[in-house]
Amino acid sequence: MSKEEINTTAGSKIISKPRIISGIILVVLSVVLALSFVSYLMNWKADQSQAGTMADKSVVSSNLFGKIGDWLGNLFIFESIGVAAFIVAFLFLVFGTLIFKKTYFKPWKTISHSLFFICWLPIFFGAVTNGEGVLGGVYGYQIMDYLKSYIGSVGLWMVLLVSFALYFVLEFNLRPSSIKNKLNDINDNTFGKLKGLMPDSDEEFEADEELENQIKTEKLAVNEPILKTENDFGNIKVTQDFEPIKTPNKTTFVEDIKETQPEQIVLSTEAPIQKPIVEKPIFDIPAVKPADDITLNIEVKKEEVYVPNAEQQKSDDLVSKHGLYDHKLDLAKFQMPSVDLLKDYGNEEITINHDELEENKNRIVGLLKTFNVGISEIKATIGPTVTLYEIVPEAGIRVSAIKKLQDDIALNLSALGIRIIAPMPGKGTIGIEVPRKNPTMVSMKSVIASPKFQTADMDLPIVFGKTISNEVFVADLAKMPHLLMAGATGQGKSVGINAILTSLIYKKHPSELKFVMVDPKKVELSLYSKIERHYLAKLPDTEDAIITDNAKVINTLNSLCIEMDQRYDLLKNAFCKNIKEYNAKFAQRKLNPENGHRYLPYIVLVVDEFADLIMTAGKEVEHPIARLAQLARAIGIHLIVATQRPSVNVITGMIKANFPARIAFRVISGVDSKTILDSPGAEQLVGRGDMLYFNGNDLTRLQCAFVDTPEVERIAEFVGEQKGYPDAYLLPEYSSDEGSSTVGAFDPNEKDQLFEDAARIVISTQQGSTSMLQRQLKLGYNRAGRIMDQLEAAGVVGGFNGAKAREVLISDLGSLERLFDELKGR
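**Notes on the overall build of the chain**
Then step 1. The number of helices and strands found in the chain is 27 helices and 20 strands.
Then step 2. Burial analysis of the chain (826 residues in total) assigns 41% to the buried set.
Then step 3. In the chain, the share of contacts with a sequence separation of at least 24, taken over all contacts with a separation of at least 6, comes to 66%.
Then step 4. Of the roughly 46700 Å² that the chain leaves accessible, carbon and sulfur atoms contribute 55%.

**A word on the sheet that holds strand S12 (residues 483–486)**
Strands pair in a sheet through their backbones, by hydrogen bonds, and they do so in one of two ways: parallel or antiparallel.
Then step 1. Spatially, S11-S10-S19-S18-S17-S12-S16-S15-S13 is the arrangement adopted by the 9 strands of the open sheet, whose pairing is mixed. With partners counted over all chains shown, the strands left at the sheet margins are strand S11 (472–476) and strand S13 (513–518), one partner each. Averaged over all pairs of adjacent strands, the angle between their axes in this sheet comes to 30 degrees, without regard to strand direction.
Then step 2. Pairing analysis gives 4 bridges linking S12 to strand S17 (residues 661–664), with the strands arranged parallel. Residue pairing across strands places Leu484 opposite Arg662, the latter belonging to S17.

**A look at helix H18 (residues 579–587)**
Then step 1. Among all positions of H18, only Ile579, Tyr582, Asn583, Phe586 and Ala587 are buried. Here the buried residues of H18 occupy an arc of 135 degrees about the axis, which is enough to place them on one side.
Then step 2. In the core, the buried residues of H18 are packed alongside helix H17 (550–574) and strand S15 (602–607).
Then step 3. Of the residues flanking the start of H18, the one acting as N-cap is Asn578, its side-chain oxygen 3.2 Å from the backbone nitrogen of Lys580.

**Quick look at the environment of Arg419**
Then step 1. In this fold, Arg419 is placed in strand S8 (residues 419–421).
Then step 2. Once residues within four sequence positions are removed from consideration, Arg419 is found in contact with Gln406, Gly431, Ile432, Glu433, Gly681, Leu692, Leu699 and Arg701.

**Brief notes about the pairing of strand S7 (residues 386–393)**
Then step 1. S7 sits mainly inside the fold: 6 of its 8 residues count as buried.
Then step 2. Pairing of strand S6 (residues 375–382) with S7, which is carried by 7 bridges, proceeds in the antiparallel orientation. Looking across to S7, one finds that Glu377 is bridged to Val392.
Then step 3. What sits between S6 and S7 in their antiparallel hairpin is a turn of 3 residues.

**Things to note about the packing of helix H15 (residues 493–507) against helix H23 (residues 709–720)**
Then step 1. Look at H15 against H23: their axes get within 11 Å of each other, and the N-to-C directions meet at 30 degrees. Here H23 runs roughly parallel to H15, going by the angle between their axes. Taken as a pair, H15 and H23 cross one another with a handedness that is left-handed. The residues of H23 that touch H15, namely those facing Asn498, Thr502, Ile505 and Tyr506, are Val712, Ile715 and Val719.

**Quick word on the sheet that holds S6**
Then step 1. Read from one edge to the other, the open sheet built from 4 strands follows the order S6-S7-S9-S8, with strand pairing classed as antiparallel. Edge positions in the sheet fall to S6 and S8, since each has one partner strand and no second. Sheet twist, expressed as the average angle between the axes of neighbouring strands with direction ignored, equals 20 degrees.
Then step 2. As defined by bridge partners, S8 adjoins strand S9 (residues 430–435) across 3 bridges and the pair is classed as antiparallel. Note on S9: the bridge partner recorded for Arg419 is Glu433.

**Let's talk about the confidence of the model for the chain**
Then step 1. Per-residue confidence for the chain averages 78 on the pLDDT scale, and 75% of its residues sit at or above 70.
Then step 2. Across residues 190–202, where pLDDT falls below 50, the model places 4 contacts with residues more than four positions away in sequence or in other chains.
Then step 3. Predicted confidence for residues 737–742 stays below pLDDT 50, and this span has 3 contacts to residues more than four positions away or in other chains.

**Description of the nonpolar core**
Then step 1. Membership of the largest hydrophobic core comes to 114 residues, with the highest contact counts inside it found for Phe464, Leu483, Phe515, Leu605, Phe610 and Tyr693.
Then step 2. The dominant element in this core, judged by the number of residues it contributes, is H17, at 9 residues.
Then step 3. Excluding residues within four positions of it along the chain, Phe464 makes contact with Phe473, Ala475, Met480, Leu483, Ile500, Ile663, Met691, Tyr693, Leu702, Gln703, Cys704 and Ala705.
Then step 4. Counting residues in hydrophobic clusters, the runner-up holds 23 residues, among them Leu773, Ile810, Leu819 and Leu823.

**With respect to the pairing of S9**
Consecutive residues of a regular strand have side chains that alternate between opposite faces of the sheet.
Then step 1. Counting buried residues along S9, 6 of its 6 residues qualify, which places the element largely inside the surrounding structure.
Then step 2. The two faces of S9 match: Ile430, Ile432 and Val434 on one face and Gly431, Glu433 and Pro435 on the other face are all buried.

**A word on the packing of aromatic side chains**
Then step 1. Applying the stated criterion across every chain, the model contains 17 aromatic pairs.
Then step 2. Note on Phe117 and Trp120: the rings are 6.5 Å apart at their centroids and 90 degrees apart in plane angle, and the pair reads as edge-to-face. Taken as a pair, Phe117 and Trp120 lie in helix H5 (residues 107–129) at a separation of 3 residues, close to a single helical turn.
Then step 3. Looking at Trp120, the relative accessible area reads 12%, which means it is buried.
Then step 4. Judged by centre distance (5.5 Å) and plane angle (35 degrees), the ring pair of Phe464 and Tyr693 falls under tilted. Taken together, the positions of Phe464 in strand S10 (residues 461–467) and Tyr693 in strand S18 (residues 690–694) put the pair 229 residues apart, joining distant regions of the chain. Taken individually, Phe464 and Tyr693 each receive the classification buried, so the pair is uniform in this respect.
Then step 5. Members of the aromatic cluster, each reached through a chain of ring pairs, are Phe116, Phe117, Trp120, Phe124, Phe125, Trp157 and Phe164.
Then step 6. Residue placement shows Lys507 over the ring face of Phe453; its charged tip is 5.5 Å from the ring centre.

**Considerations on the side chain of Asn498**
Then step 1. Mapped onto the elements of the fold, Asn498 is located in helix H15.
Then step 2. Only 2.9 Å separates the side chain of Asn498 from the side chain of Tyr528, close enough to count as a polar contact.
Then step 3. If sequence neighbours within four positions are ignored, Asn498 has contacts with Tyr528, Val707 and Val712.

**A look at the pattern of salt bridges**
Then step 1. Here the structure, examined in full by the defined rule, presents 27 salt bridges.
Then step 2. Residue Lys333 is joined to Asp145 by a salt bridge in which the shortest nitrogen-to-oxygen separation is 3.8 Å. Residue Lys333 is found in the loop between helix H9 (310–322) and helix H10 (354–370), and its partner Asp145 is found in helix H6 (residues 137–172); the two are separated by 188 residues along the sequence.
Then step 3. Residue classification places Asp145 among the partly exposed positions, given a relative accessible area of 28%.
Then step 4. Of the charged contacts, one joins Arg806 and Glu792 as a salt bridge, the two residues approaching to 2.7 Å between their closest N and O atoms. You can see Arg806 sitting in the loop between helix H26 (781–794) and helix H27 (813–824) and its partner Glu792 sitting in helix H26, a full 14 residues away along the chain.
Then step 5. Relative accessible area serves as the criterion here: at 13%, Arg806 is assigned to the buried category.
Then step 6. Relative accessible area serves as the criterion here: at 23%, Glu792 is assigned to the partly exposed category.
Then step 7. When salt bridges that share partners are traced, they join Lys751, Glu756, Asp757, Arg760 and Glu817 into one network.

The rules we used
Residues take numbers from 1 onward in each chain, read along the sequence in its written order. Reporting in this predicted model follows two pLDDT cut-offs: at least 70 for local features of residues, and 80 or more for side-chain atom pairs to be given and counted; totals over whole chains, interfaces and linings ignore these cut-offs and use all residues. Water and hydrogen atoms play no part in the side-chain values, which are based on all heavy atoms of the structure. Each helix is a run of DSSP H or I of at least 4 residues and each strand a run of E of at least 2, with the numbering of both proceeding from the N terminus. Between buried and exposed lies partly exposed: a residue is buried under 20% and exposed over 50% of the maximum accessible area for its type, with that area taken using a 1.4 Å probe on protein chains only. Contacts: residue pairs with any heavy atoms within 4.5 Å of one another. Values of accessible area rely on a 1.4 Å probe in the Shrake-Rupley scheme; residue burial ignores everything except the protein chains shown. Only strands that DSSP links by at least two bridges are regarded as paired with each other. To obtain an axis, a line is fitted to C-alpha atoms, over the contacting stretch when the element is a helix, and the angle between two such axes runs from 0 to 180 degrees between their N-to-C directions. Each C-beta atom gives one direction from the helix axis, and the arc is the one those directions make. For this analysis, a polar contact is any N or O atom pair within 3.5 Å, provided that within protein one partner can donate a hydrogen and the other can accept it, and provided that sequence-adjacent residues contribute only side-chain to side-chain pairs. Reported orientations rely on four angle classes, namely roughly parallel under 35 degrees, roughly antiparallel over 145, roughly perpendicular from 65 to 115, and oblique for the rest. Left-handed describes a crossing whose near helix is turned anticlockwise from the far helix through less than a right angle; right-handed describes the clockwise counterpart. Confidence scores per residue from the predictor, reported as pLDDT, run from 0 to 100. Here, nonpolar core refers to any group of buried Ala, Val, Leu, Ile, Met, Phe, Trp, Tyr and Cys residues whose side-chain atoms link them within 4.5 Å. Classification of ring pairs rests on two measures: the distance between centres of Phe, Tyr or Trp rings, Trp counted by its six-membered ring, which must be within 6.5 Å, and the angle between planes, read as stacked under 30 degrees, edge-to-face over 60 and tilted in between. To sit over a ring, a charge needs its Lys NZ or Arg CZ within 6 Å of the ring centre and within 35 degrees of the ring normal. Only one rule defines a salt bridge in this text: a Lys or Arg side-chain nitrogen within 4 Å of an Asp or Glu carboxyl oxygen.

Below, the structure is given as structure tokens:
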């Protein structure tokens, strides 16, 4: 061995010691990481909470490697890349074996695959688990959430699948040529056994074909038909295939022959030919051309295909590319409230008290006999609050005679709330409603969970409670289309409003429904302030979505009128009659958002105490309410108006005419009942949610479902804790002065610091809107309004234009900069 070889060998032994130590450290670190990760996944919730308590000796860790294992698992799995952290441990193992010069893995190929899966796996598990758990880690959840917000769930899965498919193709070298070669190998192996049955070469195949054609020619020569015609046929167009008609010892062919005037000819061929069979008119053929000289043109008629116009084709292409528009996409993770949030009041089954029924029956029959009113039949229907006794009077008894006995029957039964229905609608009976001694509570949970409400196919379903026959009563607010409620204090009116709002929240997504709440008493609807960013709508210049100031109520009602007019303009441009057709058309991408079209949610205006508004504002409130009630139905704006005093100066004729659906809880007098229902009966109710519902035709007695304040709070908290929109649904701007205020001369020394930025935004967008400046510059309404006044004084925008945006007087930014120079020179 030479001196150089000896030196080299000695040097390699000196270098190998640190390499061995490094390799052992990497392998051991790989094992520690892997075991720490496994232990962390088994107890990740407890380990995660203990990850920040390294110095606390009283805390005992459940990880195999103690608090160090907790810290490693939390760092690599929860706060980083999820289960892809095992790939990091695997890479440490690979590097350790490389130091030992053990080529178990190809280094660069292993690193490239590992990097791909470190990036891909967290996003994949984040999409599978929707960010719940630790499988995807913080990295996977954030990247998944970012991609989903821009490309949606379908786009996210397409990116994941396409990226994995590309990786698969590149890894296994799946080129078209290689796939074709593999398929050829399969064909050779599979069909090789059939080779003996096929011709060995193209020459043999052509010879077989020539022999077959020769045999066919000989047959045609024997069976050639003889045709007679006066004209030379030339080219014959056949529009129907030959149809063989099998008869004994012969075959007949039928064909259609078209010339300038098509005629039907039936040709009969048989061997030997005796006489051609030809239908009239018969043509004589002087000479028959050989079959090879006649050109056979086949004509097949096709059905006309509908060709959509350019606009329809564009919308179809958009739907095929992106799918139908999903209005729920902004809040795709929003969860509807669960029935478990509502309180279970126990058994709500109706118990039958036979003694009470028998006693009431005897008293009713005895009293009627006292007044010479005979009864042939009586039947009882037990409800939650009242029992309906249906009687069939004997022949000759007048209905009016029984109706006059209402007070006598109440006195005889020693009960309040006796109501006589004479006659029962659709029945040949007379109804007497008698309150039960032990009424049954109707909870909101029982009616919300009922199949009738859960399967209700309605636009705005409302479950009120149960009827006197113990059936769940569901109505559609969109069909009403507005609701007028009245009732004395403490009779269940506020509970009824909460039941209506709860029903709508349980059935409609925040993108489909918005509430405008007016609460002059300031305490009834305040519970719903937590769902402002989900379900509420407000004016741009208001901080609270629930309106308690009567002055703001007037602006809100007029703003709703502006919203109504704007929606009707959208429907007119879209050639739609109502909001349902419009939203369906928008979902099919037939309406361009660049033209101002947008998805329109339903808007429900809830006024808790209408009498107070009439007292303070009078006609200023009545006129917009009446206008909305007359016109707003088709564009999805519906009104729920409640009052304690249903007097004629509060519920005027103009309002009653446009509120066909009405609810009456117990009122003080029959006059109030006639004011709200146009008939007596509400004064006979027993209170505590006992109510009458009038839909314009029939009067129905119901027991309103009970929903308590804590239940409403739980629902509001459940909705409010979820991700919502950046702000409440903004209604159009409305100024009560209608632009009467004048703007003084522009003073450069008093201009706002954001004056020039606001001017550039207005010129760039060509839209002079105060609410736009609020959103773009993150300003309050008052400051944005002052800046808009300064822009008007400077000549950038025009004057106030009602509901429309101000006119922009400068067309480009260059002209604006020249205006700035002129203002600075003043």
